[in-house]
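# Structural description and commentary
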Amino acid sequence: MHVVRDDLLRGGTKERGLRPVVEDLVRGGATRFVYASPFCGYAQIALATTVVPLGAAAIVFSDVAPGGATLHPYSLEARAHGAEVHPCATLADAEARADAYTRAHPGAVKLPLGFACSAFHAAYVAAIRVEWQRLLATVGRRPRHVFVPVGSGTLLRAFAEALDGSVDIHAIDVRVLALEDPRLAVLDTLPRVTVHRAVQPFAQPSDQPPPFPSNPYYDAKLLPFVDALAEDGSVWWNVAR
């Protein structure tokens, strides 16, 4: 099968859609970008690698790894790329503190979980369409199946719009959100999309790593579904390491 190696991007796949959004907001006067992150979310790294080079501040409120009081290595990597990272007890606490910080600082913009906003969606759809055409030219045929992870559903909605009608999408919910969350419920209505649910809870890393760098809490959990459902020529879109 074919693997799209967006793990080779410093900020993972979300770097593709975030840059034009941030550039537009900076031109409009934004000076700080605030984000509440799950402990092992890769978007916090994408925020740092995208925002800091533009001269703006990346402010991350991240919950800590389960069972401990320390920041996850991804939070530390975001800090190494210039983000200001604040540890929080839970994701709900991170959201509340991010909201309060944004209200208290003029020029601050809070980005939603997974960057789930219309501007990011449009930019990411455009980026995926470009990369899909490059993939088709590289492999010389049109794949029938694409496998992608689902956290908040932001990326899946973009893939469902970006790919043409001949492609079926296998989406693996890695259980960031509760099953009854409305952001997940709407995914079942997307055309050509089948949503599967990972066996492990979100906080438990995969015990079946693939043979390439992959986020053990997200992308790596696709492997059992790939083993069971992939066919010759299928595509695994690996979004982060």
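For the structure, check the block above.
The text that follows walks through the structure, step by step, so that each part is easy to find. None of the values given here were measured: they were computed from a predicted structure.

Rules behind the numbers
- Residues numbered from 1 in each chain as written.
- Predicted model: local features only at pLDDT ≥ 70, side-chain atom pairs only at ≥ 80, totals over all residues.
- Heavy atoms only, no water.
- Phe/Tyr/Trp six-rings, centres within 6.5 Å; stacked < 30°, edge-to-face > 60°.
- Core = buried A, V, L, I, M, F, W, Y, C linked by side-chain atoms within 4.5 Å.
- Buried < 20%, exposed > 50% of the residue type's maximum accessible area, 1.4 Å probe, protein only.
- Helix = DSSP H or I, 4+ residues; strand = E, 2+ residues; numbered from the N terminus.
- Contact = heavy atoms within 4.5 Å.
- Arc of directions from axis to C-beta.

Bringing the packing of aromatic side chains into the picture now. Tallied over the entire structure, the rule returns 12 aromatic pairs. An aromatic cluster of three or more residues is present, and its members are Y35, F115, F120, Y124, F159 and W237.

The next subject is the nonpolar core. As a rule of thumb, soluble globular proteins bury nonpolar side chains together. Core analysis: the largest hydrophobic core is formed by 71 residues, its most contacted members being L47, F115, W132, L156, F159 and W237. Per-element tally for this core: the top contributor is helix α5 (residues 118-139), with 8 residues. When neighbours within four sequence positions are excluded, W237 is seen to be in contact with V4, D6, T13, Y124, I128, E131, W132, F147, V148, P149, F159 and D219.

Here helix α3 (residues 73-80) has its buried residues at Y74, S75, E77 and A78. Taken around the axis of α3, the buried residues stretch over an arc of 160°, which confines them to a single face. α3 presents P73 and A80 as exposed residues on the side facing more than 90 degrees away from its buried surface. Packing partners of the buried residues in α3 comprise α2 (43-51), β3 (57-63) and β4 (84-88). At the C-terminal side of α3, G82 shows a positive phi close to 110°.

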